Amino acid sequence: MRFHLTEDKINSLLDAYAQKGVKVIRLKDNLCTLQGCLIASKGLPLYYDTHHLTDLGSTIALGNNL
């Protein structure tokens, strides 16, 4: 069985964590565009599987938030 949240539900969940002292990072902001989401960069994968980023994927997803 697979569990999938809609974008609205994900945003609602993340917004619930937004409070003083907590920085919510939406990984989609750096991994996706209107054309789609990156799955590789310079021939290297950004994901280990459907839910886990590689080190490179994490670096790109966090962008300037490191």
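Above this note sits the structure.
Residues numbered from 1 in each chain as written. Predicted model: local features only at pLDDT ≥ 70, side-chain atom pairs only at ≥ 80, totals over all residues. Heavy atoms only, no water.

## A closer look at the pattern of salt bridges
Step number 1: Considering all chains together, one arrives at two salt bridges under this definition.
Step number 2: Of the charged contacts, one joins Lys28 and Glu7 as a salt bridge, the two residues approaching to 2.6 Å between their closest N and O atoms. With a gap of 21 residues between them, Lys28 in helix α2 (residues 28-31) and Glu7 in helix α1 (residues 7-17) connect regions that are remote in the sequence.
Step number 3: You can call Lys28 partly exposed: its relative accessible area is 43%.
Step number 4: Asp15 is the salt-bridge partner of Arg26, the closest N and O atoms lying 2.5 Å from each other. Of this pair, Arg26 sits in the loop between α1 and α2 while Asp15 is found in helix α1, placing the two residues eleven residues apart along the sequence.
Step number 5: A relative accessible area of 44% places Asp15 in the partly exposed class. (Salt bridge = Lys/Arg side-chain N within 4 Å of Asp/Glu carboxyl O. Helix = DSSP H or I, 4+ residues; strand = E, 2+ residues; numbered from the N terminus. Buried < 20%, exposed > 50% of the residue type's maximum accessible area, 1.4 Å probe, protein only.)

## Examining unusual backbone geometry
Step number 1: If you check the backbone angles, Lys42 has positive phi at about 55° while not being a glycine.
Step number 2: Summarising the element assignment, Lys42 is placed in the loop between β3 (40-41) and β4 (44-45).
Step number 3: A relative accessible area of 83% places Lys42 in the exposed class.

## With respect to the layout of surface pockets
Step number 1: Approximately 950 Å³ is the volume found for the largest pocket.
Step number 2: In terms of lining, the largest pocket is formed by 24 residues, of which the most central are His4, Ile10, Lys28, Thr50 and His51.
Step number 3: In terms of residue count, the dominant contributor to the lining of the largest pocket is α1 (five residues).
Step number 4: Across the lining of the largest pocket, the residue classes break down as 14 nonpolar, five polar and five charged. (1 Å grid on protein atoms, 1.4 Å probe; cavity = no way out; pocket = protein on both sides within 12 Å on 5 of 7 lines; lining within 4 Å. Points joined across faces, edges and corners; volume = space filled by probe spheres on them. Nonpolar A, V, L, I, M, F, W, Y, C, P; charged D, E, K, R; others polar.)

## Description of the nonpolar core
Step number 1: Counting residues in hydrophobic clusters, the biggest one holds five residues: Leu31, Cys32, Leu46, Leu53 and Ala61.
Step number 2: Excluding anything up to four places from it in sequence, Leu46 contacts Leu31, Leu38, Ile39, Ala40, Ser41, His52, Leu53, Thr54, Leu56, Gly57 and Ile60. (Core = buried A, V, L, I, M, F, W, Y, C linked by side-chain atoms within 4.5 Å. Contact = heavy atoms within 4.5 Å.)

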